[in-house]
Structure formats: C-alpha cells, structure tokens
Amino acid sequence: MAKILLEQDYYLTNIKALLDFVAQRYHFLLSKQEISFYRTFYQLTEDAQRLFTRCVMRKGELFRLDKFNYKEIKHLSSAKEELIEFELMEELKESVNEGLIRLFNKKEILMAFEQKEWKTLKRHELEQAVINYSIESVSSNNIDGFQKLLSDVSIVKVKMEIFDVFRLLFFGNLRQDLTEFVLQDLGLIHYPSYQISETNLPIQTREEIKVLTKLHELSEMFHDLSQPSIDDLKQLTSMLPENPDTSPLIRRRFDRLAYSIARHYERLKDYQSAVTIYKRCIQQPAKERFIRCLDYMGDTEHAWKELDLLNRSCSTGLSKQFANVFGKKLARKLPVNFEPELLQCRSEEHIVLEKNQPYVELDVIQHFINQGKAAFWIENQLFNSLFALFYWDLVYADVNGAFHNPFQSAPNDLYEREFLERRKSILIKLEEGYESKEKFWQKINNNRHVHNGEACRLIYWPCLDASLSDFIQTKSKEKSKLNESTLFELASTHIPIQDLRNVFEHLLSDLKEHRSGMPDLIIFDENRYELIEVKGPGDRLQNNQKVWMDFYCKNDIPHRILRVEYESVIPDYTDI
C-alpha cells in the first residue's frame, strides 16, 4: 500500500471545516463573542491561523514557542504578535504555576534554580518544590531562578474557551480533537454520508453548552483522582447538575459520570451515598447496582420491591437473568415464594479432538471440514453486519440528536431504548423488505455495494468476504464447492429469511445488550446451516450467551453447544 502524504497545512483545512460547520448549523446558538472569533480567525494571516491551530491541536493552554518547529509557519514571531493583538493569545512574563513548570525539563529547572537537593526528586515532587519556592520567593523578592528559567523563552497562553465551544458543538464532547479529521485524510477511515438537519442538532440551548462543559470538567476531576476518597466523591456529587433530563446527550453524560462515582462509593462501602446516586441514573446497570446496595444495607424488603419493579418493566434477557439470580437470594432472606423464569438452554455435546491449532475454535472448524461441511468463525460479526446492512437507513436516519458531525460510525442513540421510538415510521417501511427472499437480499446487497468499507460500528467488512482459507489451511482433498464460497454467499443461500428476521428483531429489542454473546461458529452443509457455541476445557456460558441460547430455543434456530476435550498426549519414550 502506497504511503499517503498529507498536505503541509492539512490541519488548517480541517479547523476551517470545523469552524464553518458550527457557524453554519449553530448560528442561532452562537454568542456575539463566538461569532466575532469566527470572523477574526478568517481575518488572520495564514501564519497566524496555522500557529493558533497548532496550539489547539496540542494538550493544555500554555506553550513554549521556542519548541515549535513547523516549517510552514514562516514568520512565527509575527504570527504570535498578531494573535496577541487580536486577543487570542497572551505572553507570560513572570507568573509561575504548575502548568508552566511542566513546559521545562528537569535539567533546565535544576540549572535555573541551582538547588542541589532537588536532583533526587521525582517529577511531581520537583514541580511542587518549584511552586513552594515561588511562594517563598514572593516575600523575599528572590526571583533570580525564575528569571533564568524564563529568559530567552517565549511562553504563551492561548485563549481556548471560545474555540472549545466550537469543539463541543462539533464533537458533542471536549475529548475529541482535530485528529478525527486526520484519520479520514489518511484514508484510514471512511465515514458514511448522512444528513444533519438544523432542527435535529443534539445541542439546542446555551444552557446545554454550560451543563455539558460542567460535566466534562467534573469528569476530568474524577479521572484525575487515582484513588478518590469519600470526601473527594462528596465534593463531586455536590457539583453534579440537578436536572440531567434537559437533553438525551446530557442524560447520557450524566449517567456515565454518576454511575462511575456511585461505583466508587460502593467500593468504599458507603452504600447510602451509592444508592442516592444510582437512583438518579436511568441506565439498566445502575438499577441493578441500586438493588444490590439496598441488600448490602440490610434493606431487603426495599430491595425486593425494586427487583419486582425491574422484573416487570424489563424485557431484555440480561435483566431477566439478574432478576432470576438475585431474586432467589432475596427470596430466601425474606422469605417469600419466588419462581424464577428460567432461560432455556440445550445440553452440551461433548467431542474429543486432537490438538492441532492454536485456538479451540479452529480445531472445531477442522472437525467440521473433515465431515464435508464449511465452517466459519463469526462470533458477533456476521449477524451484526447483516443487520446493519438491512437497517442502514434506520441507523443513519436524520432524527433528533442522532449526529453531531460527519465523522461518526453510528448515531448517538444507537444503544438507547428510545432508538426505535424515534424511527418508527422508517422501521415500518423497511420491514417491507421481508416480503420476499429476493427483496430482502437485494436490500442488503445494494447497501453492501454502496457503503462498502465505510465505518459502521456494527459492521466488520472483512467478515462478509471471508473464505475458509482465512481461518485454516485445507488439504486439496478437503476442498469442495461449499468451502470455496464466501461466508456472505453461503449465508444468503442457506439462512432462511424468517430466522434472520427473528435475530434482527431480537437485536432491535436491545442493541446494547444483544450485540454480543452470539455463537462462535456457523457451519453449512448442502441444505442447511447451524450455529455452534464452542466451549473449551474450563470454559462456561456467559450470561449474554445464555440469553441468546434461550432465544434460539424459543425460535427453533439450529444451534449446538460443543464441549471440546482434547486427546491425552502420550509421551514418546523411544529416545530414552
């Protein structure tokens, strides 16, 4: 593959694309100051634009320009002065803080301050020592060390606040940056094309910008705490937004942060605080942790009532599985009668194989090849990929809050319970594709051709074109028309549409839970297909796999669970 070279100032093109996108779609939301920034940026010389962009591509807001070595910025000093003039940058002369100290290496610091006892300090200890020294020096007017440190060094502070608003509106978060563009520039990722209407933008008010920025700051504070204490958690808790339901985006961010805080409360055995936070979350795992914490606190009756509510309201297998397992535990404590709704699961079949391959799945593939069948290692890839191809228009529909920008492999709400509710009319139309086999595979084939290689979170493109040789080397006598075909060809001829429809509808019922846990292998003979879950020595079914097994049983989908045992290796004593 030929090496792809980026234009020298590719990043300038990219920041302009970001700014233009936000200015065009969010014009109704931008403040006068933000509009002024947008216009000012285009008034700058290209050198000043490049310097500003190079800074915002880096981490932090303080920079040493003597460390900048970008050939395309021909007049660095003039560009700096221009940015200062337009109040997008300021030069630091005397102030000393932790962020500034990080711009210097240990050798530079030791040479400037001549403190021999600092030589043995670790980096974080050295930074604190300089801060302490600066506090003492203010009263004694002893600033020689700082003068030496800052002499002949140009340190600037870039005003990131306004650009961060543009970044937040474009990405929907403050974690992503301009490198998202680079992946596409290099040809490493090709994103699907989809519409983003102004009326369907995820952020609609200034208050949402404020809350999302606050949640980002709190998240950064939380992740900076390697081992948060109860006091740390209480401080974060007191700063959480009161009403996270102002938008789906805020609700997602709030739930993610609040759940993490509650889990730490739980680990520190502060169950009351954990319960208070879990109660504010709507995601399913939080509800389960909420019930567990009530039980830890000895409030078994309350835990039982909450479990009953969860059991009545949930339709997904994993939640039912939790209700079954934890319900038995609570029922014994109360005591009450409890009849768990058991998941159906076929008995395991045991086979003995010779160990020839590095993975047990490959040995099973060889086992079926020896029987004249074609076998592929698919796990979750095949059915998720076919699902996305059939429901492509559903996944990439222009609905409220679905997309922030053109660089997404999936909509924001893909794993939310409201995903289908927001797309009901589209779903009804797409279901016409189940009317005939020809119509069904035509839909999938068309989308496969049009969107081949595009980044879709649910599709693993190589899987569809996989052939037997991608998994295992076969002997000439083992080759047949079956195992010379691609996986896609065999799936389209052997899997009944009704089976695929059942699987797809099961996925739609809860994509977040059901997108994983599918069987390892699919095998084909001349007339049929079968799904195979492979279990090696010591392996066992996970909860999400049990949910799928229950689904297969109830829908008569051909499947087996194979327990593999290996033949004992007999030592060769002939050379002794």
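Conventions we followed
Residues numbered from 1 in each chain as written. Predicted model: local features only at pLDDT ≥ 70, side-chain atom pairs only at ≥ 80, totals over all residues. Heavy atoms only, no water. Helix = DSSP H or I, 4+ residues; strand = E, 2+ residues; numbered from the N terminus. Contact = heavy atoms within 4.5 Å. Areas by Shrake-Rupley, 256 points an atom, 1.4 Å probe, with all protein chains shown as cover. Lys, Arg positive; Asp, Glu negative; His and termini not counted. Charge placed at Lys NZ, Arg CZ, Asp CG, Glu CD. Pairing = 2+ DSSP bridges. Axes fitted to C-alpha atoms, helices over the stretch in contact; angles between N-to-C directions. Core = buried A, V, L, I, M, F, W, Y, C linked by side-chain atoms within 4.5 Å. Buried < 20%, exposed > 50% of the residue type's maximum accessible area, 1.4 Å probe, protein only. Phe/Tyr/Trp six-rings, centres within 6.5 Å; stacked < 30°, edge-to-face > 60°. Parallel < 35°, antiparallel > 145°, perpendicular 65-115°, else oblique. Nonpolar A, V, L, I, M, F, W, Y, C, P; charged D, E, K, R; others polar. Right-handed = clockwise from strand over helix to strand, strands pointing away. Salt bridge = Lys/Arg side-chain N within 4 Å of Asp/Glu carboxyl O. Disulfide = S-S within 2.5 Å. 1 Å grid on protein atoms, 1.4 Å probe; cavity = no way out; pocket = protein on both sides within 12 Å on 5 of 7 lines; lining within 4 Å. Points joined across faces, edges and corners; volume = space filled by probe spheres on them.

(A) Fine view of the overall build of the protein chain. Within the protein chain, the secondary structure is distributed over 28 helices and 8 strands. A principal-axis box enclosing the C-alpha atoms of the protein chain has dimensions of 85 × 75 × 65 Å. Excluding contacts between residues fewer than 6 apart, the proportion of contacts in the protein chain whose partners are at least 24 apart in sequence is 72%. Accessible area of the protein chain: about 30300 Å², with a carbon and sulfur share of 48%. Taking the average place of the 77 positive charges on the side chains of the protein chain and the average place of its 89 negative ones, the gap between the two points comes to 2 Å.

(B) View of the sheet that holds strand S8 (residues 559-566). Spatially, 5 strands are ordered S4-S8-S7-S6-S5 in an open sheet, and the strand pairing comes out mixed. Each edge of the open sheet carries a strand with a single partner, namely strand S4 (349-353) and strand S5 (374-377). Going from strand to strand, the sheet's axes swing by 35° on average, the running direction of each strand aside. In this structure, strand S6 (residues 521-524) lies alongside strand S7 (residues 529-535), joined through 4 bridges in antiparallel fashion. When the sheet's bridge partners are listed, leucine 521 is paired in S7 with isoleucine 532. Running over the sheet, helix H18 (residues 360-369) touches S4, S5, S6, S7 and S8 and is turned about 110° from S8.

(C) Highlighting the nonpolar core. Counting residues in each nonpolar core, the largest one holds 146 residues, and the members touching the most others are Phe52, Leu382, Tyr391, Phe504, Ile522 and Phe524. Look past the residues within four positions of tyrosine 391 in its chain and what remains in contact with it is Leu427, Leu430, Tyr434, Phe504 and Leu508. Within the second largest apolar cluster, 19 residues are counted, among which are Leu92, Phe104, Leu126 and Val130.

(D) How the structure looks around the sheet that holds strand S3 (residues 155-158). Pairing is antiparallel across the open sheet formed by 3 strands, whose spatial order is S1-S3-S2. Either end of the sheet is taken by a strand with one partner, and the two such strands are strand S1 (62-64) and strand S2 (89-92). Across the sheet, the axes of successive neighbouring strands diverge by a mean angle of 35°, strand direction being ignored. Where helix H4 (residues 76-85) meets the sheet, it contacts S2 and S3, and its direction lies at approximately 110° from that of S2.

(E) Looking closely at unusual backbone geometry. In the segment running from leucine 334 into proline 335, the intervening peptide bond is cis, with an omega of -20°. Relative to the elements of secondary structure, proline 335 occurs in the loop between helix H17 (317-333) and S4. A positive phi angle, close to 45°, is found at glutamate 379, a residue other than glycine. By relative accessible area, which is 35% here, glutamate 379 ends up partly exposed. Even without glycine at this site, aspartate 556 takes up a positive phi of about 55°. With respect to the helices, strands and loops of the structure, aspartate 556 is situated in the loop between helix H28 (543-554) and S8.

(F) Focus on the packing of aromatic side chains. Counted under the stated rule, the structure contains 41 aromatic pairs. Geometrically, the ring pair formed by phenylalanine 322 and phenylalanine 326 is stacked, given 5.3 Å between the ring centres and 15° between the ring planes. Taken together, the residues span about one helical turn, with phenylalanine 322 and phenylalanine 326 both in helix H17 at a distance of 4 residues. Each ring, one from phenylalanine 390 and one from phenylalanine 504, has its centre 6.1 Å from the other, and the planes form 35°; the classification is tilted. Of this pair, phenylalanine 390 sits in helix H19 (residues 381-390) while phenylalanine 504 is found in helix H26 (residues 497-509), placing the two residues 114 residues apart along the sequence. For the pair phenylalanine 390 and phenylalanine 504, one class covers both residues: buried.

(G) How the structure looks around the packing of H19 against H26. The geometry of H19 relative to H26 is characterised by a closest axis approach of 10 Å and an angle of 85° between their N-to-C directions. On the basis of the axis angle, H19 is roughly perpendicular to H26. Residues Phe383, Asn384, Leu386, Phe387 and Phe390 of H19 form the contact with H26, whose own contacting residues are Leu500, Val503, Phe504, Leu507 and Leu508. Each residue belonging to the contact of H19 with H26 can be placed in one class, and the counts come to 9 nonpolar, 1 polar and no charged.

(H) Representation of the pairing of S8 in the model. Here S8 lies mainly inside the structure; 6 of its 8 residues are buried. Traced from S7 through H28 to S8, the parallel crossover comes out right-handed.

(I) Representation of the pattern of salt bridges within the structure. What the rule picks out here adds up to 38 salt bridges. Salt bridges sharing common partners tie together Arg252, Asp413, Glu416, Arg422 and Arg423.

(J) Local environment of the state of the cysteines. Enumeration over the complete set of coordinates arrives at 0 disulfides. Of the cysteine sulfurs around cysteine 281, a residue in no disulfide, the closest is that of cysteine 293, at 11 Å. Classification of cysteine 293 by relative accessible area gives buried; the value is 0%.

(K) The arrangement of empty space enclosed by the protein in detail. For the structure shown, the criterion picks out 2 cavities of 30 Å³ or more. Of the volumes computed, that of the largest cavity is approximately 40 Å³. Lining the largest cavity, in full, are Leu18, Val56, Met57, Phe163, Arg167, Phe171, Asp177 and Leu178. The leading source of residues in the lining of the largest cavity is helix H9 (residues 161-171), at 3 residues. What the second largest cavity holds in volume is close to 30 Å³. Lys373, Ile523, Phe524, Asp525, Arg528, Tyr529 and Glu530 together form the lining of the second largest cavity. Of all the elements in the fold, those that place two or more residues in the lining of the second largest cavity are S6 and S7. Its residues placed into classes, the lining of the second largest cavity shows 3 nonpolar, no polar and 4 charged.

(L) Examining the pairing of S3 more closely. The pairing of S1 with S3 spans 3 bridges and is classified as antiparallel. Paired with arginine 64 across the two strands is isoleucine 155, which belongs to S3. As paired strands, S2 and S3 are joined by 4 bridges and run antiparallel to one another. From the neighbouring strand, glutamate 91 faces S3, where its bridge partner is valine 156.

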